[in-house]
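Now for the letters of each chain:
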Amino acid sequence: MKKLLLVLIITLMGCSSTEMVDNWKNPDIVIFDANKVLLVGMSSDEEARTNFETKLQKEFEARDVEAVRSLDVFDVKFTDSKRTEKELDELEQSLLDKDFDAILLTKIIGSESRQSFRKSINDLYKSREGFNEDYRRHQDIYYEDEYYDTYTVYNAETSLYCICVGKERSLIWRGNIDILDPDNVNKTIKDYVRLIVVAMEEQDLIFRKEEKNEVTNL
C-alpha cells in the first residue's frame, strides 16, 4: 500500500521540487476525520511561514474543513523563545477548549535524518509522544538563524496529531519529504502543499479520495 502511494505521488508530482521519501500511518487508524485543524509551519522566515500556512489553509477550506493558521493563534512572542512542557500542555488545552481536534505540524529538520526515519518513527509510536514533545524538540527553528546552514537538500516532516476529547493525543500520520529546490520558495511551497494533500487523500486522513479531482486553488 505504502509503495503504491509513493509511486502515485511521484507520478503526480512530475518535476516537483519536493519528493516523498517515506510516510507512516498509525496502524490503529483506518479513517481519520477532523472538523477544526491548527496548521503549524515551523520557520524563522516569517514570509515563508505565512505563505505556507495560508496556502495550506486554502486547501483545507476548499474541502470544507476549518483550518486556522498558527500565525492567528500563537501570541506574537510565543515563538521568540523556547516553550516549556507546561506551556505547551496549556496550549493544547486551550485548543481543545476552542474545539480544535487536530494539529498539522510541518518542520524542516535537515537531510541527515533521512536514513534514520523508519527507526525514529517506530520509536515515536512506541513511546506515544505527541505534538508537545515534537514541538519542544524542534522549536529552535523559530529563532536560530543558522539552523539550516549546513544542509543543501532539506529534509522536512509533516505530522498529523489528534487532540480529540476523550482520546489519547497521539500521532496519526507522518510524511518525510525532501526539498530539492529550496531557492525557489514559492514553487517549493506550492509543491509541498500539493504533496501533503495528495498523501492525506490517498490515506483517508481528513480528506477523501473522491474529492481529489477538484480544481485546486494552487
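See the structure above.
A.B. asks: Let's hear about a negative patch on the surface: which residues, and what values?
C.D. replies: A contiguous patch of negative charge on the surface is contributed by E61, E66, D97 and D99. Turning to its location among the elements, D97 is positioned in helix 3 (residues 85–97). Among the residues examined, D97 registers a relative accessible area of 57% and is labelled exposed.

A.B. asks: Lay out the packing of aromatic side chains in plain terms, naming residues and giving numbers.
C.D. replies: Within this structure, the stated rule accounts for 7 aromatic pairs. Centre to centre, the rings of F131 and Y161 are 6.2 Å apart; their planes meet at 70°, and the pair counts as edge-to-face. Of this pair, F131 sits in helix 5 (residues 131–138) while Y161 sits in strand 5 (residues 154–162), and the two are 30 residues apart along the sequence. Each member of the pair, F131 as well as Y161, is classed as buried. Following the ring pairs from residue to residue traces out a cluster consisting of F74, F78, F131, Y135 and Y161. In this structure, R63 packs its charged tip against the face of F207, placed 5.3 Å from the ring centre. Residue placement shows R83 over the ring face of F78; its charged tip is 5.5 Å from the ring centre.

A.B. asks: Please give an account of the nonpolar core that cites residues and values.
C.D. replies: The nonpolar side chains of a soluble globular protein tend to be buried, and buried together. With 33 residues, the main nonpolar core has F32, V37, F60, L104, L160, M200 and I206 as its most contacted residues. Per element, the largest residue contribution to this core is 8 residues, and it comes from helix 6 (residues 185–202). Among the nonpolar cores identified, the runner-up in size contains 21 residues, and F74, L91, F100 and L105 belong to it.

Scoring rules and cut-offs
Residues numbered from 1 in each chain as written. Predicted model: local features only at pLDDT ≥ 70, side-chain atom pairs only at ≥ 80, totals over all residues. Heavy atoms only, no water. Patch = residues over 30% accessible without salt bridge, like charges linked within 9 Å, V, L, I, M, F, W, Y side chains within 5 Å. Areas by Shrake-Rupley, 256 points an atom, 1.4 Å probe, with all protein chains shown as cover. Salt bridge = Lys/Arg side-chain N within 4 Å of Asp/Glu carboxyl O. Lys, Arg positive; Asp, Glu negative; His and termini not counted. Charge placed at Lys NZ, Arg CZ, Asp CG, Glu CD. Helix = DSSP H or I, 4+ residues; strand = E, 2+ residues; numbered from the N terminus. Buried < 20%, exposed > 50% of the residue type's maximum accessible area, 1.4 Å probe, protein only. Phe/Tyr/Trp six-rings, centres within 6.5 Å; stacked < 30°, edge-to-face > 60°. Lys NZ or Arg CZ within 6 Å of the ring centre and 35° of its normal. Core = buried A, V, L, I, M, F, W, Y, C linked by side-chain atoms within 4.5 Å.

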